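Descriptive analysis of the structure
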Amino acid sequence: MRRRSLLRLVPGALAAGSLDGRAAAGPAGPATDVPPPADLSWWREARFGLFVHWGPVSLRGTEIGWSRGAQVPVEEYDGLWRQFAAKEFDPRAWARLARDAGMRYLVLTTKHHDGFCLWPSRLTDYHVGNTPLGRDVVGELAAACRAEGVVFCAYHSILDWRHPDYPLGSPGGKTKKAAADMDRYVAYLEGQLTELLTRYGPLGVLWFDGEWEEPWTEEHGKRLYRLCRSRQPSVIVNNRVGKGRQDMAGTTAAGAFAGDYDTPEQRVGRYQDARPWESCITICEQWAWKPDDPMKPLAECVRTLVTCAGGDGNLLLNVGPMPDGEIEPRQAARLREIGGWLRTHGESVHGTRGGPWKPGPWGASTRRGEAVYVHVFDWPGELLVLPSIERRVLEATVLGGGRAEARATPGGLELRVAPGERRAIDTVVRLRLDGPADRLVAR
Ligand code: H79
């Protein structure tokens, strides 16, 4: 009887453990002869970053890359740069906003699938230096991030539906180019990466995308990984550099070349503590700016971040700045609200690891040192019962103020917070244990 009710209260939580089976099954294969970055800890501890998708397409309000040759005719799409003036572009404001949101890194689309470059590349004329804006967006934002204490990172699309040498074209890679030359295109891609890696100081992450199309091979991926690592030994490279990504779940197939971390897209990754991961999710629906795009409520943003942390992963939350260069005020306000929540609850996110309980409908858990943070989104009733842990709870408090009670029983660990002291978005119960929480296994 007791077990049945436990199951009903905390579905998912009973499977808690210190190591996920799926993760254990797929430690991705030998990367390359180049050693992985010595230290991913700054990135893992950061837990939260800002993704920025921007380019001339924002003038149309349609999706970046994908709308070329679909919602927007190719000739029109490729001519939008002529009107890209972005008079309000203020890189310091973007960087400050990321910091105010509690984000520790920022990833900018240096080039998306449409081929437009946000830095003045010597290898093409299709770049921001030739627009009415006429500024080096990558360079200015890299400097602004540095000044604001945010780690600057680069997104870069491997595919390029506009470049004549890349074999596939718009819409969405569904057409073939007659005079393409993949070898020449790879030389172009590597030349552009070399520019990014040598001109703009240390990059935190190289966030590749567009690897799924047929012309890109695992060999190409290994070469590109080697190039990045040789120019910047400490840069972190996502798994989309190679061919091993398993669809939008973003995990890496066993034995495949893996890069340094997994990349679930538009979904929260599953609990996985054997290999780092980061979910990328839009604050509205579209990656690039769209007028009146429905925006996620604060509760959803916070719970998404917490569920990523509870699954031992990061969250890269995306905004698409407007064509004038401003981040939409309602989106900026939402980011600052998340930052406000993190100011009182940040110790339960930044610098933590996920677990010991896997996320479930009730919420998620994180840990650091001798503390476990139980994030309760939905109380099943007057108490929450979680599977027992092999340590004593010395003290239970509610983060931000309030009393909590933790009682070890044969049926599990019972947590109580009076309804009046619960929080609407996430009641964070801080458990002080009698020893380290890192290897803790719930049973
Ligand atoms: O850069 C963002 C996307 O453009 C890119 N990756 C993130 C980080 C991406 N690559 N693949 N996909 C997204 C999946 C494609 C989904 C699609 Fe669609 C559904 C393409 C067309 C329909 C998303 C929704 C893009 C346009 C509408």
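Up top is the structure these notes are about.
Right, let's walk through the structure included here. Along every chain, residues carry numbers that run from 1 in the direction the sequence is written. It should be noted that, the model being predicted, local features are given only for residues of pLDDT at least 70 and side-chain atom pairs only at 80 or more, the latter also being counted only at that level, while totals for whole chains, interfaces and linings use all residues. Processing note: side-chain calculations cover all non-hydrogen atoms of the structure and skip hydrogens and water entirely.

**Focus on the site of the ligand**
- Nearness here has a simple test: a residue counts as near a molecule or strand if at least one of its heavy atoms is within 4 Å of that partner. Near the ligand you find 13 residues, and of these His-53, Trp-66, His-112, Asp-209 and Glu-265 are the closest.
- The term polar contact refers here to a pair of N or O atoms within 3.5 Å; inside protein, the definition further demands a hydrogen-donor-capable atom paired with an acceptor-capable atom, and it admits residues adjacent in sequence only when both atoms are side-chain atoms. Asp-209 is positioned such that a nitrogen or oxygen atom in its side chain is 2.7 Å from a nitrogen atom of the ligand.
- Looking at the shell around the ligand residue by residue, the classes come out as six nonpolar, three polar and four charged. Gly falls in the polar group here, along with every residue not listed as nonpolar (Ala, Val, Leu, Ile, Met, Phe, Trp, Tyr, Cys, Pro) or charged (Asp, Glu, Lys, Arg).

**Quick notes on the layout of surface pockets**
- Of the pockets and cavities examined, the second largest pocket occupies roughly 240 Å³.
- In terms of lining, the second largest pocket is formed by 14 residues, of which the most central are Arg-353, Gly-354, Arg-367, Asp-438 and Arg-439.
- Breaking the lining of the second largest pocket down by element, the ones donating at least two residues are strand 10 (353-354) and strand 11 (363-368).
- In the lining of the second largest pocket, the residues fall into two nonpolar, five polar and seven charged. The pocket and cavity definitions rest on a 1 Å grid over protein atoms only: a 1.4 Å probe that fits but cannot leave marks a cavity, an open set with protein on both sides within 12 Å along at least five of seven lines marks a pocket, and residues lining either have an atom within 4 Å of a point. Grid points are joined across faces, edges and corners, and a volume is the space filled by probe spheres set on the points. What counts as a helix is a DSSP run of H or I of at least four residues, what counts as a strand is a run of E of at least two, and both are numbered from the N terminus.

**A word on empty space enclosed by the protein**
- Scanning all chains against the criterion turns up two cavities of 30 Å³ or more.
- Volume-wise, the largest cavity comes out at about 50 Å³.
- The class makeup of the residues in the lining of the largest cavity is six nonpolar, five polar and two charged.
- Every residue along the wall of the second largest cavity is listed here: Trp-54, Gly-55, Ile-64, Thr-109, Thr-110, His-112, Asp-114, Phe-116 and Leu-118.
- Across the lining of the second largest cavity, the residue classes tally to four nonpolar, four polar and one charged.

**Here's the deal with the packing of helix 7 (residues 182-199) against helix 8 (residues 218-231)**
- Whenever a helix is involved, its axis is fitted only over the stretch in contact; in every case the axis is a line through C-alpha atoms, and angles between N-to-C directions fall within 0 to 180 degrees. Where helix 7 contacts helix 8, the axes come no closer than 10 Å and their chain directions differ by 20°. Taken together, the axis directions place helix 7 and helix 8 in an arrangement best described as roughly parallel. Of the two possible hands of crossing, helix 7 and helix 8 adopt the one that is right-handed. Contacts from Met-182, Val-186, Leu-189, Glu-190, Leu-193, Thr-194, Leu-197 and Thr-198 in helix 7 reach His-220, Arg-223, Leu-224, Leu-227, Cys-228 and Arg-231 in helix 8. Working definition: roughly parallel below 35 degrees, roughly antiparallel above 145 degrees, roughly perpendicular at 65 to 115 degrees, and oblique for all remaining angles. Left-handed describes a crossing whose near helix is turned anticlockwise from the far helix by less than a right angle; the clockwise case is right-handed. Only heavy atoms matter for contacts: two residues are in contact if any of them lie within 4.5 Å across the pair.

**Describing the nonpolar core**
- Among buried residues, those of type Ala, Val, Leu, Ile, Met, Phe, Trp, Tyr and Cys that are joined through side-chain atoms within 4.5 Å constitute a nonpolar core. Only protein chains enter the accessibility calculation, which uses a 1.4 Å probe; a residue whose area is less than 20% of its type maximum is buried, one above 50% is exposed, and one in between is partly exposed. Ranked by internal contacts, the top residues of the largest apolar core, which has 84 residues, are Trp-54, Leu-106, Leu-108 and Leu-335.
- By residue number, the principal contributor to this core is helix 7, which donates eight residues.
- Among residues more than four places away in sequence, those in contact with Leu-108 are Val-52, Trp-94, Leu-118, Val-137, Val-138, Leu-141, Phe-152, Cys-153, Ala-154 and Tyr-155.
- Trp-357, Leu-384, Val-417 and Leu-431 belong to the second-largest nonpolar core, a separate cluster that totals 21 residues.

**Observations regarding the packing of aromatic side chains**
- Think of it this way: a Phe, Tyr or Trp ring, Trp meaning its six-membered ring, pairs with another when their centres are within 6.5 Å, and the plane angle makes it stacked under 30 degrees, edge-to-face over 60, tilted otherwise. Following the criterion strictly, the structure yields 18 aromatic pairs and no others.
- Between the aromatic rings of Trp-43 and Tyr-105, the centroid separation amounts to 6.4 Å while the plane-to-plane angle is 50°, which identifies the pairing as tilted. Taken together, the positions of Trp-43 in helix 3 (residues 41-46) and Tyr-105 in strand 2 (residues 105-111) put the pair 62 residues apart, joining distant regions of the chain. An identical accessibility class is assigned to Trp-43 and Tyr-105; each is buried.

**Some remarks on the pairing of strand 3 (residues 151-157)**
- Burial analysis of strand 3 places six of its seven residues in the buried class, which makes it a mostly covered element.
- Bridge analysis of strand 2 against strand 3 gives six bridges, and the strand direction is parallel. Across the sheet, residue Val-107 finds its bridge partner in strand 3, namely Cys-153.
- By this definition, two strands are paired if DSSP reports at least two bridges between them. The sheet contact formed by strand 3 and strand 6 (residues 205-209) spans four bridges and is parallel. Pairing of Tyr-155 across the sheet is with Trp-207, part of strand 6.

**Topic: unusual backbone geometry**
- A cis geometry characterises the amide bond from Ser-170 onward to Pro-171, with omega recorded as -5°.
- Examined against the element boundaries, Pro-171 turns out to sit in the loop between strand 4 (168-169) and strand 5 (175-176).
- Note the cis peptide between Gly-355 and Pro-356, where omega equals 15°.
- Tracing the chain through its elements places Pro-356 in the loop between strand 10 and strand 11.
- Its identity as a non-glycine residue notwithstanding, Asp-292 has a phi of 55°, on the positive side.
- In this structure, Asp-292 sits in the loop between strand 8 (278-282) and helix 9 (298-310).
- Asp-292 gets classed as exposed once you look at its relative accessible area, which sits at 72%.
- At Asp-312, a residue that is not glycine, the phi angle is positive and equals roughly 70°.
- Tracing the backbone shows Asp-312 in the loop between helix 9 and strand 9 (314-319).

**Considerations on the pattern of salt bridges**
- Throughout this description, the term salt bridge denotes a Lys or Arg side-chain nitrogen within 4 Å of a carboxyl oxygen of Asp or Glu. Per the stated rule, a full pass over the model turns up 31 salt bridges.
- Between Arg-60 and Glu-76 there is a salt bridge, with the nearest N and O atoms lying 2.2 Å from each other. Placement of the pair is Arg-60 in the loop between strand 1 (48-52) and helix 4 (74-79) and Glu-76 in helix 4, with a sequence separation of 16 residues.
- Here Glu-405 makes a salt bridge to Arg-416, at a shortest N to O gap of 4.0 Å. Taken as a pair, Glu-405 in strand 15 (residues 405-409) and Arg-416 in strand 16 (residues 412-416) lie far apart in primary sequence, 11 residues in all.

**Some thoughts on helix 7**
- A helix is expected to span 1.5 Å for every residue after the first. With 18 residues, helix 7 extends 25 Å between its outermost C-alpha atoms, agreeing within 8% with the 26 Å of an ideal straight helix rising 1.5 Å per residue.
- Every buried residue belonging to helix 7 is among Met-182, Tyr-185, Val-186, Tyr-188, Leu-189, Glu-190, Gln-192, Leu-193, Thr-194, Glu-195, Leu-196 and Leu-197, and all of these are buried.
- Looking at the packing, one finds that the buried side of helix 7 touches strand 2, helix 6 (137-148), strand 3, strand 6 and helix 8.
- The backbone nitrogen of Asp-183 lies 3.2 Å from a side-chain oxygen of the residue at the head of helix 7, namely Asp-181.
- Phi turns positive, to about 70°, at Gly-201, one or two residues after helix 7.

**Structural notes on the pairing of strand 16**
- Summarising burial for strand 16: four of the five residues are buried, a large majority.
- Relative to strand 16, strand 13 (residues 384-386) runs antiparallel, the two being bridged by three bridges. Bridging from a neighbouring strand, Leu-384 pairs with Leu-415 of strand 16.
- Between the antiparallel neighbours strand 15 and strand 16 lie two residues.

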